[in-house]
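# Observations on chain architecture
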2 protein chains.
Amino acid sequence: MNLALFQTENILSQTDGRIRVCLKERQHEHIVKIQKLGPGQEIQLGLLNGKIGRGFIVEQDQSSTTIEVSLCQAPPAANPIKLIMALPRPLMLKRVLQSAVSMGVKEIHLIHSNKVEKSYWQSPQVSDEELFQHALLGLEQGVDTVIPKISKHQRFRPFVEDLLPELIQNHRAYVAHPSTHAQSAKVSTEDCYLAVGPEGGFTDYEVEKLEQAGMQTLSLGPRILRVETAVPVLLAKLSD
Amino acid sequence: MNLALFQTENILSQTDGRIRVCLKERQHEHIVKIQKLGPGQEIQLGLLNGKIGRGFIVEQDQSSTTIEVSLCQAPPAANPIKLIMALPRPLMLKRVLQSAVSMGVKEIHLIHSNKVEKSYWQSPQVSDEELFQHALLGLEQGVDTVIPKISKHQRFRPFVEDLLPELIQNHRAYVAHPSTHAQSAKVSTEDCYLAVGPEGGFTDYEVEKLEQAGMQTLSLGPRILRVETAVPVLLAKLSD
């Protein structure tokens, strides 16, 4: 937690641009047990979808930490890459999402694919509330406040046939897939869509459909990376 | 397991370049339960520190899979980046090591740092045997056979003062650290050393010592990434 994100419901009072914020539960525990911060000490805060600032702890008891903060700094620029990702298995989903969000990705589409087990979609980890929590942790890691938009698409064909062509219109769009005619992932770009398959990769049929929708295949070379490694690598290679 | 790595002790017989290999335990279980492969089916194999080839399963029982393989292909080129990494907490160590090894890193130094808990060094995850196992999994993921050299340095000063200057002689060397005078991590390089701090970062003193030893600081921008995200990102940004 390099930044404690608060929401309007955490605000106790507000005068002359100075905001009193009360943090509880996970954030309070983290401040006390991990950061070991107490009254008088400085801490970085951000308002969800708002600005960032440094505050001081003014009160602390067993269940809450109260901070006074002035918000003055804009969050960092968004990552211009939009991610389309075959739903990873629930435990990995958490890590991959946090990692992508910490890198500033603001649009994430979780899609179905042949090698995604259908039961994954029923996992509590994939509920809107849990996705929101994963995103919060990613923002707190990456010192950002702007919550990403995460969409779920449980059927591959309607997504790829009906939604995708419109989505990527006027954007570059790449699907990461080892392929003989793939270009290597060293494309500097401002603004693009990037599709990443499940462990085991997209099927040939799926790649064909993604290409038909307007995506170009992009290769990472002979090495096969796990999704949790491939996503940061691709985001790093595609951005400046 | 995109490649099953075998060792000389797995070899049953060898005639005219065709090798009979017997895989047991983890690898056998993976072939049966995850890959769902049986007699007659093709599988990719590699000899530890040797070549890669495609083989066919010739026998399978409850506890072993026997494969006949011809090795013909060299492993992929090594990653020219050498990694110096503050020892991550044991659970993360496994993931970060596998990820770096899957990306072809062949020289890894695990070092102590102020924010590394001393107890981490006593974890079974940090034993030579476990480090070897993590590396094997990374190679099997990245379709590689060449085992990396992993060294442990439990004291920061002797490493940074006595060993590091010699190690990085005639190489470029970078320490990833947010800093006002840091250059941004977009340096294409053939061959370099890269130092990555613990969660929470190197201390100012440590950065100073690393710089004195000849390393340049390198920044990833305003966002702070977890070690497991920062390592693939840095490897991707520093290599072609």
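Residues numbered from 1 in each chain as written. Chains lettered and ligands numbered in written order. Predicted model: local features only at pLDDT ≥ 70, side-chain atom pairs only at ≥ 80, totals over all residues. Heavy atoms only, no water.

A tally of helices and strands in chain A yields six helices and 13 strands. In terms of its C-alpha atoms, chain A occupies a principal-axis envelope of roughly 60 × 35 × 35 Å. Residues classed as buried in chain A amount to 54% of the 240 residues present. The contacts of chain A with a sequence gap of at least 6 include a subset with a gap of at least 24, amounting to 70%. With an accessible surface of roughly 11,000 Å², chain A has 49% of that area assigned to carbon and sulfur atoms. Chain A carries 25 positive and 27 negative side-chain charges, and their two centres are separated by 4 Å. (Helix = DSSP H or I, 4+ residues; strand = E, 2+ residues; numbered from the N terminus. Buried < 20%, exposed > 50% of the residue type's maximum accessible area, 1.4 Å probe, protein only. Contact = heavy atoms within 4.5 Å. Areas by Shrake-Rupley, 256 points an atom, 1.4 Å probe, with all protein chains shown as cover. Lys, Arg positive; Asp, Glu negative; His and termini not counted. Charge placed at Lys NZ, Arg CZ, Asp CG, Glu CD.)

Applying the stated criterion to the full structure yields 30 salt bridges over all chains. Notably, a salt bridge pairs Glu140 of chain A with Arg26 of chain A, separated by 2.8 Å at the nearest N-O pair. Pair noted here: Glu140 of chain A is in helix H3 (residues 128-142) and Arg26 of chain A is in helix H1 (residues 25-34), with a separation of 114 residues, a long-range link. Between Glu68 of chain B and Arg18 of chain B there is a salt bridge whose closest N-O contact spans 2.6 Å. On the criterion of sequence distance, the pair formed by Glu68 of chain B in strand E6 (residues 64-70) and Arg18 of chain B in strand E3 (residues 18-24) is long-range, its members being 50 residues apart. What makes Arg18 of chain B partly exposed here is its relative accessible area of 47%. (Salt bridge = Lys/Arg side-chain N within 4 Å of Asp/Glu carboxyl O.)

Glancing now at the packing of helix H6 (residues 227-238) of chain A against helix H6 (residues 227-238) of chain B. Where H6 of chain A meets H6 of chain B, the axes come as close as 8 Å, and the angle between the chain directions of the two elements is 45°. Relative to H6 of chain B, the element H6 of chain A lies oblique. Relative to H6 of chain B, H6 of chain A is oriented so that their crossing is right-handed. The segment H6 of chain A lies against H6 of chain B, with Glu228, Thr229, Pro232, Val233, Ala236 and Lys237 of chain A engaging Glu228, Thr229, Pro232, Val233, Ala236 and Lys237 of chain B. Looking at side-chain class alone, the contact of H6 of chain A with H6 of chain B contains six nonpolar, two polar and four charged residues. (Axes fitted to C-alpha atoms, helices over the stretch in contact; angles between N-to-C directions. Parallel < 35°, antiparallel > 145°, perpendicular 65-115°, else oblique. Left-handed = near helix turned anticlockwise from the far one by under 90°. Nonpolar A, V, L, I, M, F, W, Y, C, P; charged D, E, K, R; others polar.)

Okay, the sheet that holds strand E2 (residues 11-15) of chain B next. All names here are of chain B. Read from one edge of the open sheet, six strands run E1-E4-E5-E6-E3-E2, paired in mixed fashion. Every interior strand has two partners, whereas the edge strands, strand E1 (4-6) and E2, have only one. Each strand axis lies, on average, 35° off the axis of its neighbour in the sheet, ignoring direction. Note that E2 and E3 share four bridges and pair antiparallel. (Pairing = 2+ DSSP bridges.)

Residues and elements named next belong to chain A. In terms of domain boundaries, chain A breaks down into domain 1 (4-70) and domain 2 (81-238). Counting residues at the interface gives 13 residues for domain 1 and 10 residues for domain 2. When domain 1 packs against domain 2, close to 840 Å² is buried across both sides, 58% of that on carbon and sulfur atoms. Together, Leu5, Arg26 and Asn49 form the three largest contributors to the area buried by domain 1 at its contact with domain 2, with a combined 55%. One can count one salt bridge joining domain 1 with domain 2. Here domain 1 and domain 2 share six residue pairs in polar contact (both at pLDDT 80 or more) between them. Within the residue set of the side of domain 1 that touches domain 2, elements represented by two or more residues are strand E1 (4-6), H1 and strand E4 (42-47). (Domains from an automatic or database assignment. Buried area = accessible area lost by both parts, 1.4 Å probe. Polar contact = N/O pair within 3.5 Å; in protein donor to acceptor, adjacent residues only side chain to side chain.)

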